[in-house]
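What follows is each chain in one-letter form.
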Amino acid sequence: MEYSEQEKFVHAGLTKALLSGLEMAFEGDETNQSYGWYNGLLFSLEPLSAVQAGQSITEGGSTIAAHADHALLTLRVVLAMFNNQRIEADWQSSWKLRQLSEAEWNHLKSELRQQYQATRALIQEKPFWREAELTQMIHHIAHTAYHASAIRQILRSAP
């Protein structure tokens with residue numbers, strides 16, 4: 001598909017800013033001065049066991065695993081969209097994950113990291129952005145940051 005020059009946003013700083021936001025949302029590490037106080041999604045999930053991932057702070061509330069599974073589904077949908085594909089997303093099911101084995105939990109974390117790396121590659125390789133695409137990616141980064149924060153709140157409030 002051809003786009004007019006007015007529809008294209010091309011700027012090296014734009015790519016750098018998107019990558020920085022994505023890295024903070026996924027990898028943020030409070031010991032790294034680049035991120036300061038913020039702990040990203042992958043950083044928050046990595047040390048957790050499957051038992052911890054199955055935690056919720058309220059009866060029937062969302063678990064850490066459910067937040068992670070929902071974030072993974074979102075990554076898959078966003079990547080498909082940017083690759084001009086469409087996948088069916090069962091958003092309700094992504095919130096039902098409660099308990100899982102250590103192997104299942106490790107697989108989920110591995111899938112998240114792989115999809116995150118694919119998203120990084122997409123941003124790095126994209127020659128230009130259209131407004132709708134740029135908006136979608138910014139929303140995706142904010143969405144991921146929300147889930148990282150929700151997970152930290154569950155961890156802080158867990159008995």
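This write-up is about the structure you can find in this document. (Residues numbered from 1 in each chain as written. Predicted model: local features only at pLDDT ≥ 70, side-chain atom pairs only at ≥ 80, totals over all residues. Heavy atoms only, no water.)

**Section: the overall build of the protein chain**
Part 1: Along the protein chain, the regular secondary structure elements total six helices and zero strands.
Part 2: If you list the helices and strands of the protein chain from N to C, you get α-α-α-α-α-α.
Part 3: Scored against the burial criterion, the 159 residues of the protein chain give a buried share of 42%.
Part 4: Considering only intrachain contacts with a sequence separation of at least 6, the fraction spanning at least 24 residues in the protein chain is 72%.
Part 5: Accessible surface, the protein chain as shown: approximately 9,200 Å² in total, 51% of it carbon and sulfur. (Helix = DSSP H or I, 4+ residues; strand = E, 2+ residues; numbered from the N terminus. Buried < 20%, exposed > 50% of the residue type's maximum accessible area, 1.4 Å probe, protein only. Contact = heavy atoms within 4.5 Å. Areas by Shrake-Rupley, 256 points an atom, 1.4 Å probe, with all protein chains shown as cover.)

**Considerations on the side chain of T74**
Part 1: On the secondary structure map, T74 appears in helix 4 (residues 64–82).
Part 2: In this structure T74 touches W91, H140 and H143, once residues within four positions along its chain are discounted.

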